[in-house]
Amino acid sequence: GAGVSQTPSNKVTEKGKYVELRCDPISGHTALYWYRQSLGQGPEFLIYFQGTGAADDSGLPNDRFFAVRPEGSVSTLKIQRTERGDSAVYLCASSLRELGTADTQYFGPGTRLTVL
Amino acid sequence: AQSVTQLDSQVPVFEEAPVELRCNYSSSVSVYLFWYVQYPNQGLQLLLKYLSGSTLVKGINGFEAEFNKSQTSFHLRKPSVHISDTAEYFCAVSAGPDSNYQLIWGAGTKLIIKP
């Protein structure tokens, strides 16, 4: 079946602009995660959705970052007033979120964001 | 809070030789442990995971890992590597049932297979 998809695959923008990154999770997966991966580092947690609500947004670096998942499926990560330090690969993952166990997170290919 | 250390940023090894990629973690609570692989130009893919039970976990592509609670380690091994194993390998940890299962990641180890 279809895996997690992310669009666009690459996004180049200028400092100060607004960007939106989209994630389509695996159908039926209730949990959705956003991570950010900077060059030479492992992914860093940003935000976790269970259904439509952001259950944990403690990883968002500041208030320029915001994410939504209005219908409990597709999610959009929004970054306002982009800065060069926001350049990274943004990863989305989804899982079934079965109670009582750490179910597998399935990752999309990522969106590479470059802020000039 | 949890943290993960991957001690080697790169591991070069000859084809058909054994390999061990090291991972140590720190946590004050019970954790789940994972190894993910990222092939060139592809997304992260789960290799194996430890939740509970047997400390030796077998994964895909002939990889296995051993959970050692006293040494807080979860090293990844393969007895004989192939050129197709060239990739970056990430160790990750998530907290137990009261958490949201967010993954905390190591910095990754690049496995370089020499022909």
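Please read these numbers as outputs of a predicted model, since none were measured by experiment.

A. Fine view of the overall build of chain A. When helices and strands are counted, chain A shows zero helices and eleven strands. For 116 residues, the compact-globule estimate of 2.2 N^0.38 gives 13 Å, and the C-alpha radius of gyration of chain A, at 14 Å, lies within 12% of that figure. A principal-axis box enclosing the C-alpha atoms of chain A has dimensions of 40 × 25 × 25 Å. Residues counted as buried form 47% of the 116 residues belonging to chain A. Expressed as a percentage of contacts within chain A between residues at least 6 apart in sequence, the contacts between residues at least 24 apart total 54%. Summed over all atoms, the accessible surface of chain A reaches about 5,600 Å², with 48% contributed by carbon and sulfur.

B. Spotlight on the packing of aromatic side chains. Applying the stated criterion across every chain, the model contains 13 aromatic pairs over all chains. Judged by centre distance (4.4 Å) and plane angle (25°), the ring pair of B:Tyr50 and B:Phe67 falls under stacked. Taken together, the residues span a long stretch of sequence, with B:Tyr50 in strand β6 (residues 44-50) and B:Phe67 in strand β8 (residues 64-68) at a distance of 17 residues. Residue B:Tyr50 is classed as buried on the basis of its relative accessible area, which comes to 8%. With a relative accessible area of 11%, B:Phe67 lands in the buried category. Residues B:Phe63 and B:Tyr89 carry aromatic rings whose centres are separated by 5.4 Å and whose planes lie at 45° to one another, so their mutual orientation is tilted. Separated by 26 residues along the polypeptide, B:Phe63 in the loop between β7 (56-58) and β8 and B:Tyr89 in strand β10 (residues 87-95) bring together distant segments of the chain. In this structure B:Tyr89 comes out as buried when scored by relative accessible area, which is 0%. Among the aromatic residues, ring-to-ring pairing joins A:Tyr33, A:Tyr35, A:Phe45, A:Tyr48, A:Phe107, B:Phe34, B:Tyr36, B:Phe90 and B:Trp105 into one connected group.

Calculation rules
- Residues numbered from 1 in each chain as written.
- Chains lettered and ligands numbered in written order.
- Predicted model: local features only at pLDDT ≥ 70, side-chain atom pairs only at ≥ 80, totals over all residues.
- Heavy atoms only, no water.
- Helix = DSSP H or I, 4+ residues; strand = E, 2+ residues; numbered from the N terminus.
- Rg over C-alpha atoms; globule rule 2.2 N^0.38 Å.
- Buried < 20%, exposed > 50% of the residue type's maximum accessible area, 1.4 Å probe, protein only.
- Contact = heavy atoms within 4.5 Å.
- Areas by Shrake-Rupley, 256 points an atom, 1.4 Å probe, with all protein chains shown as cover.
- Phe/Tyr/Trp six-rings, centres within 6.5 Å; stacked < 30°, edge-to-face > 60°.

Purely geometric numbers; function is a separate question.
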